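# Fold and geometry: a report
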Amino acid sequence: LHLKNTIKLYSQFQVILKLSKCDFISFFKYDYSKRYIVLHFILSVDERGRIIQESMLDNLPATSNLLTLNIMNADDKDLYSITTEKIKEKNLKTFEMMDSRGIKKIFYQNIFNDKENPLGFVAISYKDENYIIPEGDKVEILRIIQKIKTFI
């Protein structure tokens, strides 16, 4: 079942990749089982559809830096964006990891099962700091992200 859902998640990521023309798309899941919330890296795919196996953000406390705390407190109404220059102000190590991949801008959205605790978040990353997702594509991406929560 887990493998089947991962394959479905990957196929939805492929659709988002084509729509958004992004360089990377990733999914991180929140783990509430400890005294603090942990961020788990689930899946990341590059613009060619290749799965990336690692992330420096894996197994970090979600409240360990302002970036993940801000993401965690965002709602699921829109795709929010942040540039890596803003990330640099919040967490230098996270900035360095993203900078090493050439990432300059990230659009993100939390996925909720209920309105109190997000399950995780999708991050759509770009090497172009000035990239703006067209409104029509954004609406379709938001629809797909809502569909993704059934695979989590």
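My aim in this report is to walk through the structure given alongside it, one point at a time.

Criteria and thresholds
- Residues numbered from 1 in each chain as written.
- Predicted model: local features only at pLDDT ≥ 70, side-chain atom pairs only at ≥ 80, totals over all residues.
- Heavy atoms only, no water.
- Axes fitted to C-alpha atoms, helices over the stretch in contact; angles between N-to-C directions.
- Helix = DSSP H or I, 4+ residues; strand = E, 2+ residues; numbered from the N terminus.
- Parallel < 35°, antiparallel > 145°, perpendicular 65-115°, else oblique.
- Contact = heavy atoms within 4.5 Å.
- Nonpolar A, V, L, I, M, F, W, Y, C, P; charged D, E, K, R; others polar.
- Core = buried A, V, L, I, M, F, W, Y, C linked by side-chain atoms within 4.5 Å.
- Buried < 20%, exposed > 50% of the residue type's maximum accessible area, 1.4 Å probe, protein only.
- Phe/Tyr/Trp six-rings, centres within 6.5 Å; stacked < 30°, edge-to-face > 60°.

## Things to note about the packing of helix H1 (residues 2–20) against helix H5 (residues 135–148)
Look at H1 against H5: their axes get within 10 Å of each other, and the N-to-C directions meet at 170°. Relative to H5, H1 is oriented roughly antiparallel. Touching Leu-9, Gln-12, Phe-13, Val-15, Ile-16, Leu-19 and Ser-20 of H1 are Asp-137, Glu-140, Ile-141, Ile-144, Ile-145, Lys-147 and Ile-148, all from H5. Here the residues of the contact of H1 with H5 are counted per class, giving 9 nonpolar, 2 polar and 3 charged.

## As for the nonpolar core
One recurring pattern in soluble globular proteins: nonpolar side chains tend to sit buried together. If you look at the biggest cluster of nonpolar residues, it comprises 23 residues, and the most contacted ones within it are Phe-13, Ile-16, Ile-25, Leu-79 and Ile-124. Among the secondary structure elements, those contributing two or more residues to this core are H1, strand S1 (24–31), strand S2 (38–46), strand S6 (105–112), strand S7 (118–126) and H5. At 5 residues, H5 tops the list of elements feeding residues into this core. Of all hydrophobic cores here, the second largest spans 21 residues; its members include Ile-71, Ile-82, Met-98 and Ile-103.

## Examining the side chain of Ser-125
Tracing the backbone through its elements, the reader meets Ser-125 in strand S7. Once residues within four sequence positions are removed from consideration, Ser-125 is found in contact with Cys-22, Asp-23, Phe-24, Ile-103, Lys-105 and Ile-106.

## Let's talk about the packing of aromatic side chains
For the coordinates displayed, the defined rule picks out 7 aromatic pairs. With 5.7 Å between their ring centres and 55° between their planes, Phe-28 and Phe-41 make a pair best called tilted. Here Phe-28, found in strand S1, pairs with Phe-41, found in strand S2; they are 13 residues apart in sequence, far enough to count as distant. Residue classification places Phe-41 among the buried residues on the basis of a relative accessible area of 14%. Residues Tyr-126 and Tyr-131 carry aromatic rings whose centres are separated by 4.4 Å and whose planes lie at 20° to one another, so their mutual orientation is stacked. A residue is classified by how much of its surface remains accessible, and Tyr-131, at 18% relative accessible area, is buried. Members of the aromatic cluster, each reached through a chain of ring pairs, are Phe-28, Tyr-30, Tyr-32, Phe-41 and Phe-121.

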